[in-house]
Each structure stands twice: as structure tokens, then as C-alpha cells.
Amino acid sequence: MTTEEARHRVQSAIDQFGARAGMAIDLVINEVRSSLGNETANVLIDEFDLELHYNITPSEPGSQGS
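Residues numbered from 1 in each chain as written. Predicted model: local features only at pLDDT ≥ 70, side-chain atom pairs only at ≥ 80, totals over all residues. Heavy atoms only, no water.

Student: For this particular structure, what's the right way to read the overall build of the protein?
Tutor: Within the protein, the secondary structure is distributed over 4 helices and 0 strands. From first element to last, N terminus to C terminus, the protein shows the α and β order α-α-α-α. The C-alpha atoms of the protein give a radius of gyration of 11 Å, which matches the 11 Å a tight globule of 66 residues would have. Over its C-alpha atoms, taken along the principal directions, the protein stretches across nearly 30 × 25 × 15 Å. (Helix = DSSP H or I, 4+ residues; strand = E, 2+ residues; numbered from the N terminus. Rg over C-alpha atoms; globule rule 2.2 N^0.38 Å.)

In C-alpha cells:
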């Protein structure tokens, strides 16, 4: 998965499910953490304001997968 693919999948989930997109987005973010690292996942979380809207929190710096 690339960062652009992840962005597209997050945006698609938001467009399709709106306020109920949290579970779908969480799956994407977990996949990003596994394949691209925590830093990339945190960028997406910030970019889409996922912590505020879907309670998806960024990873701590230095945690596994970064």
C-alpha cells in the first residue's frame, strides 16, 4: 500500500459511511502502521483529523512499527 492509496481509502470510507466510518478507517490505519510505519499513519490521522472525528489516536513516537 502507498500513502496515496491509504489517503484514497480513508476518504472513500468517509464519503461512504460518514460518521460511522470509524471501523473502516481504523482498519486502513492499522494496515498503514504495519506496512508504512507509525509516522505515516500519524500523518494521515492528523491530515484527516481522525482523532477528533473517529477517536483514532496517533501512535507514540518510537513505538513499534515506526
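After that view of the structure, there is still more to cover.
Student: Looking at this structure, I do not really get the packing of helix 2 (residues 22–35) against helix 3 (residues 38–47). What am I missing?
Tutor: For any two helices packed against each other, the geometry is given by the interaxial angle and the distance between the axes. Close contact between helix 2 and helix 3 brings their axes to 7 Å; oriented N to C, the two are set at 150 degrees. The angle between the axes of helix 2 and helix 3 places the two elements in the roughly antiparallel class. Residue-level contacts link I29, V32 and R33 of helix 2 to N38, T40, A41, N42, L44 and I45 of helix 3. Grouping the constituent residues of the contact of helix 2 with helix 3 by class yields 5 nonpolar, 3 polar and 1 charged. (Axes fitted to C-alpha atoms, helices over the stretch in contact; angles between N-to-C directions. Parallel < 35°, antiparallel > 145°, perpendicular 65-115°, else oblique. Contact = heavy atoms within 4.5 Å. Nonpolar A, V, L, I, M, F, W, Y, C, P; charged D, E, K, R; others polar.)

Student: Which parts of the structure should I look at to understand unusual backbone geometry?
Tutor: Peptide bonds are, in most cases, trans, and in most cases residues other than glycine have a negative phi. In the Ramachandran plot, D49 falls in the positive-phi region, its phi being about 55 degrees despite a non-glycine side chain. Counting through the fold element by element, D49 comes out in the loop between helix 3 and helix 4 (50–54). Overall, the relative accessible area of 35% leaves D49 in the partly exposed class. Backbone geometry places N55, a non-glycine residue, at a positive phi of 60 degrees. With respect to the helices, strands and loops of the structure, N55 is situated in the segment after helix 4. (Buried < 20%, exposed > 50% of the residue type's maximum accessible area, 1.4 Å probe, protein only.)

Student: Hey, could you run me through the side chain of N38 in this one?
Tutor: Take N38: it is sitting in helix 3. The class of N38 is buried, set by a relative accessible area of 5%. Within the local environment of N38, its side chain forms a polar contact with the side chain of S59, the two groups lying 3.4 Å apart. (Polar contact = N/O pair within 3.5 Å; in protein donor to acceptor, adjacent residues only side chain to side chain.)

Student: Would you explain the nonpolar core in this entry?
Tutor: Soluble, globular proteins show a tendency: their nonpolar side chains are buried together. Core analysis: the largest hydrophobic core is formed by 15 residues, its most contacted members being I25, I29, L50 and I56. Sorting the residues of this core by element identifies helix 1 (3–17), helix 2, helix 3 and helix 4 as the ones contributing at least two each. Here the element with the most residues in this core is helix 2; it accounts for 4 residues. Other than its neighbours up to four places away in sequence, I56 contacts G22, I25, D26, I29, I45, L50 and E51. (Core = buried A, V, L, I, M, F, W, Y, C linked by side-chain atoms within 4.5 Å.)

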